[in-house]
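Residues per chain are reported as follows:
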Amino acid sequence: MTGIHINTAEIPDYVRDNLAAATLRLIQDILHDPGGREKLEAQKQQRG
């Protein structure tokens, strides 16, 4: 199986920080939506 490989050492700090902040905001928004936590849990179950 092949996959995408990203050398995280090449990602500038400001890009990494922006991505982390955006990811955190997204998760917080999902958790504040009605049924959001359940949707995340369902996705986690699907992944195994």
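Here we summarise the structure given alongside this text. (Residues numbered from 1 in each chain as written. Predicted model: local features only at pLDDT ≥ 70, side-chain atom pairs only at ≥ 80, totals over all residues. Heavy atoms only, no water.)

## Regarding the environment of E38
So, point 1. Here E38 lies in helix α2 (residues 36-47).
So, point 2. Given the relative accessible area of 55%, E38 is considered exposed.
So, point 3. Between the C-alpha atoms of E38 and I11, which are 27 residues apart in sequence, the distance is 33 Å. (Helix = DSSP H or I, 4+ residues; strand = E, 2+ residues; numbered from the N terminus. Buried < 20%, exposed > 50% of the residue type's maximum accessible area, 1.4 Å probe, protein only.)

## With respect to a nonpolar patch on the surface
So, point 1. A contiguous nonpolar patch, built from I4, I6, I11, Y14 and V15 and spanning about 550 Å² of accessible area, is present on the exposed surface.
So, point 2. Within the secondary structure layout, V15 lies in helix α1 (residues 13-32).
So, point 3. On the accessibility criterion, V15 (32% relative accessible area) is partly exposed. (Patch = residues over 30% accessible without salt bridge, like charges linked within 9 Å, V, L, I, M, F, W, Y side chains within 5 Å. Areas by Shrake-Rupley, 256 points an atom, 1.4 Å probe, with all protein chains shown as cover. Salt bridge = Lys/Arg side-chain N within 4 Å of Asp/Glu carboxyl O.)

## Details of α2
So, point 1. Counted at 1.5 Å a residue, the expected span for α2 with its 12 residues is 16 Å, and the 17 Å between its end C-alpha atoms agrees.
So, point 2. Among the residues trailing α2, G48 stands out with phi positive, at a value near 90°. (Expected span 1.5 Å × (residues − 1).)

## A word on the pattern of salt bridges
So, point 1. Applying the stated rule across the entire model yields 3 salt bridges.
So, point 2. Its salt-bridge partner being R16, residue D13 comes within 3.0 Å of it at the nearest N-O pair. On the criterion of helical spacing, the pair formed by D13 and R16 is a turn pair, its members being 3 residues apart in helix α1.
So, point 3. On the accessibility criterion, D13 (49% relative accessible area) is partly exposed.
So, point 4. The closest approach of N and O atoms between E41 and K44, which form a salt bridge, is 3.3 Å. Of this pair, E41 and K44 both sit in helix α2, 3 residues apart, which is roughly one turn of that helix.
So, point 5. The exposure class of K44 is partly exposed, given its relative accessible area of 47%.
So, point 6. When salt bridges that share partners are traced, they join D13, R16 and D17 into one network.

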